[in-house]
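# Structure assessment
The chain contents come next:
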Amino acid sequence: MYIHLGQETVVKKQDIIGIFDLDTATVSRHTRKYLNLSEKNGDVVYITNELPKSFIVCAPPKSKNKKIYISQISSVTLLKRNEFLK
């Protein structure tokens, strides 16, 4: 199954490692450091130019390539979509 992350971006459900709220998760300096390092490495994909609300960490099985999607859709909505697909 696939989950729509916003705009024209969809990912396989099994590739998702985590869905995080941008406001609460970035309170931690460790999360901010992780996101900054990932952006420098080219692993961050901005889905929208609107105000971002969540970030989604994805890594296909048996792959070392990870992607972090920055989305305008709230983490609650994305989690509901995930639950709907079970």
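Refer to the structure above for everything that follows.
Read on for a plain summary of the structure. Everything quoted here is computed from the prediction, not taken from an experiment.

Now for the pattern of salt bridges. Throughout the structure, instances matching the rule amount to one salt bridge. Between Lys-66 and Asp-43 there is a salt bridge, and its shortest N-O distance comes to 2.8 Å. Of the two residues, Lys-66 sits in the loop between strand 5 (54–58) and strand 6 (67–71) while Asp-43 sits in the loop between helix 2 (29–40) and strand 4 (44–46), which places them 23 residues apart along the sequence. On the accessibility criterion, Asp-43 (16% relative accessible area) is buried.

Even without a glycine there, the phi angle at Gln-7 is positive, about 50 degrees. By the secondary structure assignment, Gln-7 is in the loop between strand 1 (2–6) and strand 2 (9–12). The exposure class of Gln-7 is partly exposed, given its relative accessible area of 45%.

Conventions used here
- Note that residues are indexed from 1 along each chain, following the sequence as it is written.
- Given that the model is predicted, a residue must reach a pLDDT of at least 70 before its local features are reported, and side-chain atom pairs must reach 80 or more before they are shown or counted; all residues, however, enter totals for whole chains, interfaces and linings.
- Excluding hydrogens and water, the side-chain figures rest on all heavy atoms present in the structure.
- Counted as salt bridges are all cases of a side-chain nitrogen of Lys or Arg within 4 Å of a carboxyl oxygen of Asp or Glu.
- Numbering of helices and strands runs from the N terminus, with a helix taken as a DSSP run of H or I at least four residues long and a strand as a DSSP run of E at least two residues long.
- Buried, partly exposed and exposed residues are distinguished by accessible area as a fraction of the type maximum, computed with a 1.4 Å probe on protein chains only: under 20%, between the cut-offs, and over 50%, respectively.

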